[in-house]
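Coordinate inspection notes
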Amino acid sequence: MGGISIWQLLIIAVIIVLLFGTKKLRGVGSDLGSAVKGFKKAISEEDTAKDAKKDADFVAPQNLEKKEAETVEKQKQNDKEQA
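Rules and cut-offs
- Residues numbered from 1 in each chain as written.
- Predicted model: local features only at pLDDT ≥ 70, side-chain atom pairs only at ≥ 80, totals over all residues.
- Heavy atoms only, no water.
- UniProt positions renumbered as here; feature names shortened; annotations may be inferred.
- Helix = DSSP H or I, 4+ residues; strand = E, 2+ residues; numbered from the N terminus.
- Buried < 20%, exposed > 50% of the residue type's maximum accessible area, 1.4 Å probe, protein only.
- Areas by Shrake-Rupley, 256 points an atom, 1.4 Å probe, with all protein chains shown as cover.
- Expected span 1.5 Å × (residues − 1).
- pLDDT = per-residue confidence, 0-100.

If you look the protein up in an unreviewed UniProt entry, it shows as Sec-independent protein translocase protein TatA from Aliivibrio sifiae. Check the Subcellular location (unreviewed entry) section of the UniProt entry for the protein; it says "Cell membrane". Note on the protein: under the UniProt heading Subunit (unreviewed entry), the record states "The Tat system comprises two distinct complexes: a TatABC complex, containing multiple copies of TatA, TatB and TatC subunits, and a separate TatA complex, containing only TatA subunits. Substrates initially bind to the TatABC complex, which probably triggers association of the separate TatA complex to form the active translocon."

So, in structure tokens, the structure goes:
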């Protein structure tokens, strides 16, 4: 009895459509939808970037020596180029 019934919601919706028109409401709806879509995309890209960074920071023990050797070789090459 204290809540809003379906008829009251229907009357409110009709009044809003009459006040603003369907074109303006459609535009607002599409703008809101694209904003939400962009927000979700930004959040998912941020999560993906964090996951990629975590994966890049983790080096399996068997690959650790190989990575260190590659890094030393790159440093030697850079030193030769600078000299």
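A few points about the overall build of the protein
The number of helices and strands found in the protein is 3 helices and 0 strands. Written out in order from the N terminus, the α and β elements of the protein read α-α-α. Across the 83 residues that make up the protein, the buried fraction comes to 1%. For the protein, the exposed surface amounts to about 8000 Å²; the carbon and sulfur share of it is 62%.

So, the UniProt feature "transmembrane region" (unreviewed entry) in the protein
Per the UniProt record, "transmembrane region" (unreviewed entry) is found at residues 6-22. Secondary structure across residues 6-22 comprises 94% helix and 0% strand; the distance between its end C-alpha atoms is 21 Å.

Focus: helix H1 (residues 6-20)
In an α-helix, one turn spans 3.6 residues; hence positions three or four apart end up facing the same way. Taking 1.5 Å of rise per residue, the 15 residues of H1 would be expected to cover 21 Å, and the 21 Å separating its terminal C-alpha atoms lies within 8% of that figure. Positive phi appears at Gly21, one or two residues downstream of H1, with a value of about 85°.

Quick look at the confidence of the model for the protein
Summing up the model confidence of the protein, the mean pLDDT is 81 and the portion of residues at 70 or higher is 78%. Considering each helix and strand of the protein separately, the mean pLDDT is smallest for helix H3 (residues 61-82), with a value of 75, and largest for H1, with 93.

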